[in-house]
Amino acid sequence: MLVLAVDTSTPAVTAGVLDLPADGPPTLLAERVTVDAKAHGELLTPHVRDALAAAGKALAEVDAVVCGTGPGPFTGLRAGMVTAAALGHALDRPVHPVCSLDAIAAEAPGDPLLVVTDARRREVYWAAYGPGGARTAGPDVVAPAELAGRLAELGVTRVAGARIFDFGLPVVGPEHPTPVGLVTAAAAVLRAGAEPGDLTPLYLRRPDAVEPGARKRVSRA
Amino acid sequence: MTIVLGIESSCDETGVGLVRLDGDGRLELLADEVASSVEQHARFGGVVPEVASRAHLEAMVPTMRRAFEVAGLKLSDVDAIAVTSGPGLAGALLVGVSAAKAYALSLGVPLYGANHLAGHVAADTLEHGPLPSPCLALLVSGGHSQLLRVDDLATRITEIGSTIDDAAGEAYDKVARVLGLPYPGGPPIDRAARRGNPRAIAFPRGLTGPRDAEYDFSFSGLKTAVARWVEARERDGEEVPLDDVAASFQEAVADVLTAKAVRAAERFDIGTMVVSGGVAANSRIKALAAERCAAAGITLRVPKPRLCTDNGAMVAALGAHLVAAGVEPSSLDLSATPGLPVSTVSV
């Protein structure tokens, strides 16, 4: 099965073309990744085009799209999600959502794992994973100090993701979600040919907006 | 025959339009679907960019599906795509631009990053046919108030004047708040104004002094003057004559907009004026423009309200003009340009 994977939940603008066999891990045919938090809207579609060309595949040959749904900074995240949704619509192919933290975890199997990415505003997005790779807590967004206080309770012994806080744990796995991680996390659903879940972004924060109070007077009392 | 898909997401409307460009250059509107997030912004008294951007992401594909259903077309029928790449809210624009790029790549068709303001002018060609050259455009909306000289819709648009502070629509929203009317302020003020006396209160006409910029607008002082007048009444314990305040405010806005537009048309010897943008749906602005254009011998063109407000059809129409003019398409690394100047019709 030919799978196109995209993710824009971190500063990495990621597109990859993979073959997912009936058994075993996906094979990466080509990928294009640029780390630039300001370039998601600009670069993602060219990356899709270039990764397909490098893989020697046409868009029409793609059987399914996998899209990281965050959590991630909103504007960049939406660039990837609307791109995936539009590709799925135009190609009439399913678009499978994957929590972007799960995609990072999928490439660091083993002991209990913490995945963190940069949520800006001095906070991190995070999730915890058990030894079998299943998510046991999160995704959520908190201040690093608060997360540090919960490590014992979470039982994690390793950390993957953004190299901003290691919490004193050994750092493993990729820094950003990769095409292989995205497709690995979606492999069971892809193979089952299951109906995709909702393509809903994991914002985890409300929009910054306050309802206005009483109108300010313009004249002096 | 060319089918052009237009995508608009610069503010709070997700618009998808489909237009057919015939061999003789005529345009036919096939679909004009809009999903608005205006109700989600009402309690904040103005458009919240993040709320608008979230709504665009949710609405994009469903709005697209509806447009094709209405037009009875398949995605594979599309020959070119135009998308608003600016000016507008950065996060909102990015949703439409990203979607348009993905559709263009998937369908293998050219993509045009198009100017939102030029799109407002192009909307009129869907209803009233080709524009003579040159013509004058008065664009008035919640985000813009501009006078443009349009020599060629696809390639040559020049700004003659613009607001130096608030857009006309912004002044309506703020005055509505002073009067306790709902957001957006245009329709309720227009309704109240029809019952009131436009000469009851002499509100100031911004930038109309002898040394002021002749073709620029200012609505901030007017808004403050209305607030002061209302507050003085309240302080004296007098009833505020809402209808008269609304009518007098609306008269000040319509007077300045149309006087400056007609003066510009006369000064530059332009015989046709297009009034577009959301505020062009206002009854008094339309009536006063008609009166003054008739007196000056200027042909006035105002698209129906549905085409005046933000929509995808106007972007598709502009895209059709770009195709017809043989303008070079945009590259797939197109990005949103929140401050795109009107002189850049396509990028």
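All residue numbers refer to positions counted from 1 along the written sequence of the respective chain. Each chain is given a letter, starting from A, and each ligand a number, starting from 1, according to the order in which they appear as written. The predicted nature of this model means local features are confined to residues of pLDDT at least 70 and side-chain atom pairs, given and counted, to a pLDDT of 80 or more, with totals for whole chains, interfaces and linings taken over all residues. With hydrogens and water excluded, all non-hydrogen atoms of the structure serve as input to the side-chain values.

### Describing the interface of chain A and chain B
And step 1. Pairs of residues are marked as contacts when any of their non-hydrogen atoms sit within 4.5 Å. On the side of chain B, 36 residues touch chain A, which itself brings 39 residues to the contact.
And step 2. Buried area adds together the accessible area that both of two parts lose upon being put together, with accessible area traced by a 1.4 Å probe. Buried area between chain A and chain B, summed over both chains or domains, comes out near 3300 Å², and the portion from carbon and sulfur atoms is 65%.
And step 3. It is A:Arg78, A:His89 and A:Arg215 in chain A that bury the most area against chain B; as a group they hold 21% of the surface buried on that side.
And step 4. Salt-bridge detection follows one rule: a side-chain nitrogen of Lys or Arg within 4 Å of a carboxyl oxygen of Asp or Glu. Taken together, the connections running from chain A to chain B amount to 2 salt bridges.
And step 5. Across the pair A:Glu211 and B:Arg43 runs a salt bridge whose closest N-O atoms are separated by 2.5 Å.
And step 6. The way it works is that DSSP assigns letters per residue, a run of H or I at least four long becomes a helix, a run of E at least two long becomes a strand, and they are numbered from the N terminus. Sorting the residues of the side of chain A that touches chain B by element identifies α1 (40-55) and α2 (74-91) of chain A as the ones contributing at least two each.
And step 7. The biggest single contributor to the side of chain A that touches chain B is α2(A), with 13 residues.
And step 8. Side-chain classes follow a simple rule in which Ala, Val, Leu, Ile, Met, Phe, Trp, Tyr, Cys and Pro form the nonpolar group, Asp, Glu, Lys and Arg form the charged group, and the remainder, Gly included, forms the polar group. The residue makeup of the side of chain A that touches chain B, split by class, is 21 nonpolar, 7 polar and 11 charged.

### Comments concerning the domain arrangement of chain A
Accessible area lost on assembly of the parts is the figure often given for the size of an interface.
All names here are of chain A.
And step 1. The split of the chain into domains comes from an automatic or database domain assignment. Here chain A is described as being made up of domain 1 (2-102 + 175-192) and domain 2 (110-161).
And step 2. Each of domain 1 and domain 2 has a C-alpha centre, and these two points are 23 Å apart.
And step 3. Facing the 10 residues of domain 1 at the interface are 11 residues of domain 2.
And step 4. Buried surface at the junction of domain 1 and domain 2, both sides included, amounts to about 900 Å², of which 64% is carbon and sulfur.

### Let's talk about the packing of helix α2 (residues 49-71) of chain B against helix α3 (residues 90-107) of chain B
Residue and element names in this part refer to chain B.
And step 1. Here, axes are lines fitted to C-alpha atoms. For helices the fit covers the stretch in contact, and angles between N-to-C directions go from 0 to 180 degrees. Relative orientation of the contacting elements α2 and α3 amounts to 30 degrees, with a least axis distance of 8 Å. Judged by the inter-axis angle, α2 sits roughly parallel to α3. Seen along the crossing, α2 lies across α3 with a hand that is right-handed. Facing Ser53, His56, Leu57, Met60, Val61 and Met64 of α2, the residues of α3 in contact are Gly91, Ala92, Val95, Gly96, Ala99 and Tyr103.
And step 2. Of the residues contributing to the contact of α2 with α3, the split by class is 8 nonpolar, 4 polar and no charged. Should an angle lie under 35 degrees it is considered roughly parallel, over 145 roughly antiparallel, and from 65 to 115 roughly perpendicular; all remaining angles are considered oblique. The handedness criterion is simple: a crossing whose near helix is rotated anticlockwise from the far helix by less than a right angle is left-handed, and one whose near helix is rotated clockwise is right-handed.

### Considerations on the sheet that holds strand β2 (residues 12-19) of chain A
Note: strands within a sheet are paired through backbone hydrogen bonds, in either parallel or antiparallel orientation.
All names here are of chain A.
And step 1. In this description, strands pair whenever DSSP reports at least two bridges between them. What the 5 strands build is an open sheet, ordered β3-β2-β1-β4-β5; its pairing is mixed. With partners counted over all chains shown, the strands left at the sheet margins are β3 (27-35) and β5 (95-98), one partner each. This sheet shows a mean twist of 15 degrees between the axes of neighbouring strands, independent of strand direction.
And step 2. In this structure, strand β1 (residues 2-7) lies alongside β2, joined through 6 bridges in antiparallel fashion. Among the inter-strand pairings, Leu4 is bridged to a residue of β2, identified as Val17.
And step 3. Sheet strands in contact with α1 are β1, β2 and β3, and its direction is about 25 degrees off that of β2.
And step 4. Where helix α6 (residues 179-192) meets the sheet, its contacts fall on β1, β2, β3, β4 (64-68) and β5, and the angle it forms with β1 comes to roughly 125 degrees.

### Overview of the environment of A:Arg49
And step 1. Its place among the elements puts A:Arg49 in helix α1.
And step 2. With 33 residues separating them in the primary sequence, A:Arg49 and A:Gly16 have C-alpha atoms 9.9 Å apart.
And step 3. The contact partners of A:Arg49, leaving out residues within four places of it in the chain, are B:Leu105 and B:Leu332.

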